[in-house]
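# Observations on chain architecture
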Amino acid sequence: MSFPLLKQTFKSNFAVWGLVTLVMNVILAQLIAMKQTQALVAPMYYGMLVSTMVALLVVITGNKLLAGQVDQGSMAYILTAPIRRTTVAITQLVYMVGSLVVTYGAMVAVSLVTNNIADAGFKTQTLINLNFGAFMVALAFAGIMFAASGIFNLSKYAFGTGGLLIILFILLAIVGSFADYGVAGLEHVQHLTIVSLFDYKNIVSAGSKWLPKLAALGGIAAATFGIGTTAFAKKDLPL
Amino acid sequence: MLAMVETKQLSKNYKNNRGVHGMNMAIQQGEVVGIVGKNGAGKTTTMRMLMGFIHPSAGSAAIRGMDAWTKAAKTKPLIGYVPGEIAFPDTKSGATFLQNELALLRANKDEYVNELIQRFKIDLTADLRRMSKGMKQKTALVCAFMTKPPLLLLDEPTTGLDPVMRDAFIDLILQVKAQGTTVFLSSHMFNELERTCDRIMFLKDGQVIDVLDESKFAEIHAAQRVTIVAATNDGFERLLTSDFEPVRQDPLHNTVVLLVPNDDEARLLQLLGEVKLTDVSFDTQTLDNYFEKELEL
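Nothing here was measured: the structure is a model prediction, and the numbers come from that model. (Residues numbered from 1 in each chain as written. Chains lettered and ligands numbered in written order. Predicted model: local features only at pLDDT ≥ 70, side-chain atom pairs only at ≥ 80, totals over all residues.)

## Here's the deal with the overall build of chain A
Secondary structure assignment for chain A yields nine helices and zero strands. Helices (α) and strands (β) of chain A occur, in sequence order from the N terminus, as α-α-α-α-α-α-α-α-α. In terms of C-alpha radius of gyration, chain A reaches 19 Å, essentially the compact-globule figure of 18 Å for 239 residues. C-alpha extents for chain A along the principal axes are approximately 55 × 40 × 25 Å. The long-range fraction of contacts in chain A, counting pairs at least 24 apart against all pairs at least 6 apart in sequence, stands at 75%. (Helix = DSSP H or I, 4+ residues; strand = E, 2+ residues; numbered from the N terminus. Rg over C-alpha atoms; globule rule 2.2 N^0.38 Å. Contact = placed C-beta atoms within 7 Å.)

This is the structure in structure tokens:
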């Protein structure tokens, strides 16, 4: 890992990360704090909003970490330094994962504190598990975008593959969620999206099915981060 | 001693026979070597392979004995690089950019960096994204030179520089050359490389088709290009039948450019005496003139 690079990556991505993290936390606190919306925290926030908002962050940042800089040409200045390409990719990966850990860590803190102050009645463990599950979705999204960013030299291709796939997963999750509101036939749609591997209903009902499903998301993340790093280390760079 | 740069049958095949095909070269420490070719001849591809940015289809490139692809990170402390297309990262000013780059290179800002900045008259407070092409080029040059690397790989380093800055650049190359730095630089013109280079390679369609050294430079300069405008078409025809090689002709304007060796003025004067003239002018033959057909100037 390269600390000077990590520092520069942190600085150049701070604004987008900070804004999305702030918005995600404010909305979460709002939903937990208000009596009328407490019932929506699980199905609306964790079922839909959280993944949609983080997708924005992940797609923008993921592209910028590798493909964006190759496309722009500024990657030349990183690789002029005696840093291996694998090290560059791993440093960017560490930033991506690290920034998401902080985002969801903040959400754990915000949800617990708000729950306490507003006396919303969520179990502490439930909130922790919900945030952990949402984090795993974000991690899988990040991996997918990172793989696209590592494979392609042009931003448009990274957005067109990784970004599009993530949006598709979210749209399918939204369509599939109507199965919960009476359109039973749409239940199959839920099997088409990785977002449904975050089984928030099972977490809320304190079941045991949700954890293995999250492991699958972890597997997707590990594989795609690996693909991105390897592809970036081996490909030709037009710099 | 190991060559600073060595390529063996270095090749990169792209579509339509583009790329580099079987390039063999060795650059010793302290040499300044130029590579000339028109757009698409393979100059940038060569540079990128030396930088380890692209993988050769065949053959190999080595920097002081280290493979440019597999040992890319290890060769980098030896190299200062100016890419063919300058694009800076998203930082505010030139100062921040250089600071970031020094951090990546694990070096500190010293006197020499300031000297370079002054030499090129760079305004480091200017917004990096709004800089003119020339200003970007100068900032990129400072970036490549600032750690005093023993090898400089410069891809068309003078693009966008005004004539004064071009001279400043040439002075800088001569200065680092005196300190034993090896320089490999590319251009699409010979003339601007001639003052600095020990050797110039001429690249065409991915192959080195000629290598010029100082004796060849002198040989090329030992001829005049005489542009003669005849008053009549008969005169024009007479000029074409002379012993001198007509390097260019324009029947419409009765104009002929003849190549005249420096010690052959007597015959030229005799020829000029036979023809009614409108205009005559002399130019020493340059390397670009010499290669004008291949360069399609």
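Additional details are given in the paragraphs that follow.
## Re the overall build of chain B
Assigned secondary structure in chain B consists of twelve helices and 14 strands. Looking at chain B as a whole, 40% of its 297 residues qualify as buried. Considering only residue pairs separated by 6 or more positions, chain B has 68% of its internal contacts joining residues 24 or more positions apart. (Buried ≥ 20, exposed ≤ 12 C-beta atoms within 10 Å, placed from the backbone.)

## Focus on helix H6 (residues 124–151) of chain A
Since the α-helix turns once every 3.6 residues, residues separated by three or four places project in the same direction. Between the first and last C-alpha of H6 of chain A there are 41 Å, a value that for 28 residues agrees with the 40 Å anticipated at 1.5 Å per step. Burial within H6 of chain A is extensive, with 22 of its 28 residues counted as buried. (Expected span 1.5 Å × (residues − 1).)

## Remarks on the environment of Phe236 of chain B
All names here are of chain B. Relative to the elements of secondary structure, Phe236 occurs in helix H9 (residues 233–240). Put simply, Phe236 and Glu219 are 17 residues apart on the chain and 28 Å apart in space, counted from C-alpha to C-alpha. Dropping the residues within four chain positions of it, Phe236 is found in contact with Ala230, Pro251, Asn254 and Val256.

## Topic: the interface of chain B and chain A
Residue-level contacts link 20 residues of chain B with 19 residues of chain A. In terms of residues, the side of chain B that touches chain A owes the most to one element, helix H3 (residues 94–104) of chain B, which gives four residues. When grouped by side-chain class, the residues that make up the side of chain B that touches chain A number twelve nonpolar, two polar and six charged. (Nonpolar A, V, L, I, M, F, W, Y, C, P; charged D, E, K, R; others polar.)

## Observations regarding the UniProt feature "transmembrane region" (unreviewed entry) in chain A
All names here are of chain A. Mapped onto this numbering, the UniProt entry gives "transmembrane region" (unreviewed entry) at residues 12–33, 45–67, 88–112, 132–152, 159–179 and 214–233. In the segment residues 12–33, helix accounts for 100% and strand for 0%; the C-alpha atoms at its two ends are 33 Å apart. The annotated region residues 159–179 carries 90% helix and 0% strand content, and the separation between its end C-alpha atoms amounts to 30 Å. (UniProt positions renumbered as here; feature names shortened; annotations may be inferred.)

## With respect to helix H1 (residues 3–33) of chain A
Over its 31 residues, H1 of chain A runs only 39 Å from end to end, short of the ideal 45 Å by more than 12%, given 1.5 Å per residue. At Phe14 of chain A, H1 of chain A shows its maximal bend, which comes to roughly 55 degrees. Those residues of H1 of chain A lying buried are Leu5, Gln8, Thr9, Asn13, Val20, Thr21, Met24, Leu28, Leu31 and Ile32 of chain A. Residues of H1 of chain A that are buried make contact with helix H2 (41–65), helix H4 (75–79) and helix H5 (85–118) of chain A together with H3 of chain B. (Bend = angle between axes of the 7 residues up to and from the residue.)

## Side note on the pairing of strand S7 (residues 151–154) of chain B
Residue and element names in this part refer to chain B. In S7, alternate side chains face the same way, and those of Leu151 and Leu153 on one face and Leu152 and Leu154 on the other are all buried. Pairing of strand S6 (residues 79–82) with S7 involves four bridges; the strand directions are parallel. Along S7, the bridge assignment pairs Gly80 with Leu152. Judged from the four bridges that link them, S7 and strand S8 (residues 182–187) form a sheet pairing that is parallel. When the bridges of S8 are listed, Leu151 appears paired with Thr182. (Pairing = 2+ DSSP bridges.)

## A look at the nonpolar core
Residues Ala138, Ala140, Phe141, Ala142 and Leu217 of chain A together with Leu153 of chain B are the most contacted members of the largest nonpolar core, which totals 136 residues. No other element matches the 16 residues that H6 of chain A contributes to this core. Domain assignment of the residues forming this core places at least three in each of domain 1 (5–218) and domain 2 (222–295) of chain B. Contact partners of Ala142 of chain A, with chain neighbours within four places excluded, come to Val58, Gly62, Met96, Val97, Leu100 and Ala221 of chain A. (Core = buried A, V, L, I, M, F, W, Y, C linked by C-beta atoms within 7 Å. Domains from an automatic or database assignment.)

## Some remarks on the confidence of the model for chain B
Per-residue confidence for chain B gives a mean pLDDT of 88; residues scoring 70 or more make up 98%. Mean pLDDT across the elements of chain B ranges from a minimum in helix H12 (residues 292–295) of chain B, with 66, to a maximum in S7 of chain B, with 95. (pLDDT = per-residue confidence, 0-100.)

## Description of the environment of Leu154 of chain A
All names here are of chain A. Position of Leu154 relative to the elements: it lies in the loop between H6 and helix H7 (155–177). Separated by 91 residues in sequence, Leu154 and Asn63 have C-alpha atoms that sit 9.3 Å apart. In this structure, Leu154 is in contact with Ala67 and Asp71, ignoring residues within four places of it in sequence.

## Looking at the domain arrangement of chain B
All names here are of chain B. For chain B, the domain assignment lists domain 1 (5–218) and domain 2 (222–295). Distance between the C-alpha centres of domain 1 and domain 2: 38 Å. Tallying the contact residues gives ten residues for domain 1 and seven residues for domain 2. For the side of domain 1 that touches domain 2, the elements supplying multiple residues, two or more each, are helix H7 (191–194), strand S9 (199–204) and helix H8 (214–221). Among the residues making up the side of domain 1 that touches domain 2, the classes are represented as six nonpolar, one polar and three charged.

## With respect to the packing of H1 of chain A against H2 of chain A
All names here are of chain A. Direction vectors running N to C along H1 and H2 enclose 175 degrees, while the axes themselves pass 11 Å from each other. Classified by the angle their axes make, H1 and H2 are roughly antiparallel. Every residue of H2 that contacts H1 at Thr9, Asn13, Val16, Trp17, Val20, Val23, Met24, Ile27, Leu28, Leu31 and Ile32 is listed here: Val41, Tyr45, Leu49, Val50, Met53, Leu56, Leu57, Ile60, Thr61, Lys64 and Leu65. Within the contact of H1 with H2, the residues separate by chemical class into 18 nonpolar, three polar and one charged. (Axes fitted to C-alpha atoms, helices over the stretch in contact; angles between N-to-C directions. Parallel < 35°, antiparallel > 145°, perpendicular 65-115°, else oblique.)

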